[in-house]
Structure formats: C-alpha cells, structure tokens
Amino acid sequence: MVASMTSVEPGDSSAHDDEQSVLDEARAVLDPLEARPWVDMEALDHAHRLLLVHAHPDDETIGTGATMAKYAAEGALVTLVTCTQGEEGEILVPDLEHLAAGRDGGLGLHRADELAVAMEALRVTDHRFLGGPGRWRDSGMMDTPANEAPTCFWRADFDEAVDALVRVIRDVRPQVVVTYDANGGYGHPDHIQAHRVTVAAVDRAADPAGTPDAGEPWEVAKLYFSAIPKSYLQAAVEAIRESGSEAFERAGSPDELPGGVSDEEITTQIDAAGQLDAKLAAMRAHATQIAVDGFFFALSNRLGQQAFGREHYVLVRGERGRGDGPNGWETDLFAGLG
C-alpha cells in the first residue's frame, strides 16, 4: 500500500509553515496532482513492471528518480520499496533540527511525508515500506550507536526481511528489479543490507519452496544495480571546481570518490531528460535532506539537463538487450523482454 502522509507537528508553528511552503513549491513545479491511493489491481494488467528497492527516503530520487518518472509516464507499474524511514538522517532545515534522533525525534515520520510528496512528483502510485512503516529503523553509519540498535535494518532478522520482500515481488511480479551493488554504492550499512536482501529475495521468490505462504513463485527476468559512470563523476568534479566550490578539493580523480563504476562496466543508460522537472521537484520535496542551493541542484545547472536526466545501471542477471545507446549501452531496462 502507499504510505499515508502522516503529519509531524513541530513545536514551532512557523517551522511547520516554512517546511510546508517547500513541499508546496515541489508540488507546484508540475501540474497539480491529486493524491492517488493505490488501488487493488492485477499487476499483469501492466505490460511492464519495475520494482526498485532503496534504503531511505530520498535515495530513490537521487539515483533513480528520472527513470521512475519515465516509466510511470509510459504506463509501467513502478513499485518503490523503502527499507527504513531514514530516522538518522542529517537535517538541513535549521527550524526542524529538533526532529533529530538525538533530540525530540520524529524525523522518520517527517521524511515519510516528504517521500509521499516526492512520489506525487514522479507520478509513482505504488510505494511500500519493507515490512510496513517503521518495521526497521535507519541504521546510521558503521560504528555508531544507531548501528547497534536491535531494531535497525542492519541487524534485521535476514530471513524475515527477505520474506517481506518476497511477498512484494510475488504480488507485483516485476520483470525488472533495481537495487544497489554489494557495497551499497558508498558503503552505508542500510544500502548494503538492501542489496543483500534484494538479491536473496529475487532468488527466493522464484523458488516454490521459498516462503510458501506468499503466493505463486515469480522469476525476475532482469536484475540491475544502479551506478554512476566514472566519466560522469569526472564531469561533476570539474564542474564544481570551475564554480569555485571546494567540495572536491581533496579528490584528485573519480577513482578517489565512492560509488563510481567504470564506463566499461555500465550496461544501461536511461535517458529521461524529459522527466528532469519531475526529478527536481521530487528532490525539492526531500527538503530536510537535499538543499535547493546545494550540490545536486548546482550539478543539474552546470552539467546540463540532458546529463542530469540520464541514469545508469549495471545488468547483473538476465539477458542483455540490444545496445543502441552510446558505448553499446542498453537504452531500456526492459530491452530484450518483448
């Protein structure tokens, strides 16, 4: 089911008003959209079905938002599974700092609200928290107190988490699944765990003996890991340096930055530049995590809309489709599936 928008009332009403104005601005970027609750329907009514598994609210937009918007606009069933509510995230809105885990708390519920608005912007109607909202908590970084909490996703009972995702896979019956690589892109425990759970769930969903009470087995045709080509990282480094920013002053090359993949390893490029407005609107919705005048928006301006609207993947299971893009890359996650 789609996550409901649960309001968090901070002590300062002006803070609430300021944040609400940010969310309203995100909505206003596109034509007004009515909230559309997920209705019960047959997944197979959709010719193309895409399932993405992400760790925290905002991860989906930064790495795969344009892709999600593109396929949703084309009529595919796009399902997002988010593993935690991101309770340990840093807060970029000063008036909302009291929501931090070390203070009043409530950031997770607030980020669920932000995520709901982001999904409106991307026109994605099927969003689910793994195991239900709040089942597993944001684990924070390695060697922090949050990472030791028994309720955090890093320390989740692995079979329980896998079974929860198997139920979604068998319900949605996606041909394509997207998640992170084995390092979670940049080493965050929840990203790594999302990778492990997703790979195991894809296997178990296809096994008639796996989670037998979760419906009929379903075999995913293609499994992808999201990725950033090192050539794009290099362009980002150069653009930020030219702007006078010191963001990358310590990085001599893309090889020194986390998350980059050689262009030779990339298999797929999705050109969704036509959905850039939707992606930027979704990013604005995640106001506690992404600064409107910060890194990503600066990159979108300096690298150009075409570059920022292109997202990249590595196919790790399934048959690679025709490579009619640059470098022989696929241009469609469903390439070769008919």
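See the structure above.
Residues numbered from 1 in each chain as written. Predicted model: local features only at pLDDT ≥ 70, side-chain atom pairs only at ≥ 80, totals over all residues. Heavy atoms only, no water.

Enquirer: What exactly am I supposed to notice about the overall build of the protein chain here?
Expert: Within the protein chain, the regular secondary structure consists of 10 helices and 8 strands. Across the 338 residues that make up the protein chain, the buried fraction comes to 52%. Sequence separation of at least 24 residues holds for 79% of the intrachain contacts in the protein chain that already meet a minimum separation of 6. Accessible surface for the protein chain amounts to roughly 14,800 Å². Of this, 48% is attributable to carbon and sulfur atoms. (Helix = DSSP H or I, 4+ residues; strand = E, 2+ residues; numbered from the N terminus. Buried < 20%, exposed > 50% of the residue type's maximum accessible area, 1.4 Å probe, protein only. Contact = heavy atoms within 4.5 Å. Areas by Shrake-Rupley, 256 points an atom, 1.4 Å probe, with all protein chains shown as cover.)

Enquirer: Looking at this model, I keep getting lost on the packing of helix 2 (residues 59-73) against helix 3 (residues 107-122). Mind explaining?
Expert: The angle between the axes and the distance between the axes are what describe a pair of packed helices. Packing of helix 2 against helix 3 brings their axes to within 9 Å, and their N-to-C directions diverge by 40 degrees. Classified by the interaxial angle, the pair formed by helix 2 and helix 3 is oblique. Residues Glu60, Thr61, Gly65, Met68, Ala69 and Ala72 of helix 2 form the contact with helix 3, whose participating residues are Leu115, Ala118, Met119 and Leu122. Residue composition of the contact of helix 2 with helix 3, by class: 7 nonpolar, 2 polar and 1 charged. (Axes fitted to C-alpha atoms, helices over the stretch in contact; angles between N-to-C directions. Parallel < 35°, antiparallel > 145°, perpendicular 65-115°, else oblique. Nonpolar A, V, L, I, M, F, W, Y, C, P; charged D, E, K, R; others polar.)

Enquirer: Just checking my understanding: could you explain the environment of Gly274 for this structure?
Expert: Topologically, Gly274 is positioned in the loop between strand 7 (268-271) and helix 8 (276-285). Judged by relative accessible area, which is 75%, Gly274 ranks as exposed. The sequence separation of Gly274 and Ala69 amounts to 205 residues, and the corresponding C-alpha distance is 9.3 Å.

Enquirer: Sorry, what's going on with helix 5 (residues 158-172) here?
Expert: For an α-helix the count is 3.6 residues per turn, leaving residues at separations of three or four pointing the same way. A rise of 1.5 Å per residue sets the reference length of helix 5, with its 15 residues, at 21 Å; its end C-alpha atoms lie 21 Å apart and thus fit the reference within 8%. All buried positions along helix 5 are accounted for by Ala161, Val162, Ala164, Leu165, Val166, Val168, Ile169, Arg170 and Val172. Looking at where helix 5 begins, the residue whose side-chain oxygen comes 3.2 Å from the main-chain nitrogen of Asp159 is Asp157. Phi turns positive one or two residues past the end of helix 5, at Arg173, with a value near 55 degrees. (Expected span 1.5 Å × (residues − 1). Polar contact = N/O pair within 3.5 Å; in protein donor to acceptor, adjacent residues only side chain to side chain.)

Enquirer: What is the right way to read the side chain of Gln175 from this model?
Expert: Mapped onto the elements, Gln175 comes out in the loop between helix 5 and strand 4 (176-179). By relative accessible area, Gln175 is classed as buried at 14%. Only 2.6 Å separates the side chain of Gln175 from the backbone oxygen of Ala47, close enough to count as a polar contact. Engagement of the side chain of Gln175 in a polar contact is seen with the backbone nitrogen of Arg49, the distance being 2.7 Å. When sequence neighbours within four positions are dropped, the list of residues in contact with Gln175 reads Ala47, His48, Arg49, Trp218, Val220, Ala221, Lys222, Phe334 and Leu337.

Enquirer: Whenever I open this one, helix 6 (residues 189-205) confuses me. Can you help?
Expert: Taking 1.5 Å as the rise per residue, helix 6 with 17 residues should run 24 Å; its terminal C-alpha atoms sit 24 Å apart, in good agreement. Judged by how many residues are buried, helix 6 sits mostly within the fold: 13 of 17 residues are covered.

Enquirer: How should the packing of aromatic side chains be read in this particular structure?
Expert: Two descriptors summarise a pair of aromatic rings, namely the distance from one centre to the other and the angle between the planes of the rings. Using the criterion set out here, one finds 3 aromatic pairs in the structure. With a centroid separation of 5.3 Å and 75 degrees between ring planes, the pair formed by Tyr71 and Phe334 is classed as edge-to-face. Placement of Tyr71 in helix 2 and of Phe334 in the segment after strand 8 (310-317) is noted, with a sequence separation of 263 residues between them. Judged by centre distance (6.2 Å) and plane angle (75 degrees), the ring pair of Tyr224 and Tyr313 falls under edge-to-face. Placement of Tyr224 in strand 5 (residues 222-229) and of Tyr313 in strand 8 is noted, with a sequence separation of 89 residues between them. The pair Tyr224 / Tyr313 is uniform in exposure class, with both members buried. One Lys or Arg, Lys70, reaches over the ring of Tyr71 and ends 4.5 Å from the middle of that ring. (Phe/Tyr/Trp six-rings, centres within 6.5 Å; stacked < 30°, edge-to-face > 60°. Lys NZ or Arg CZ within 6 Å of the ring centre and 35° of its normal.)

Enquirer: Mind showing me how you'd approach the pairing of strand 4 here?
Expert: For a regular strand, side-chain orientation follows a simple rule: the groups alternate between the two sheet faces. Neither face of strand 4 is open: one carries Val176 and Val178, the other Val177 and Thr179, and all of them are buried. Where strand 4 and strand 5 come together, 4 bridges link them in parallel fashion. Following the sheet pairing, Val177 is matched in strand 5 by Leu223. Handedness of the crossover joining strand 4 and strand 5 through helix 6 is recorded here as right-handed. (Pairing = 2+ DSSP bridges. Right-handed = clockwise from strand over helix to strand, strands pointing away.)

Read these as layout, nothing more, since geometry by itself doesn't imply function.
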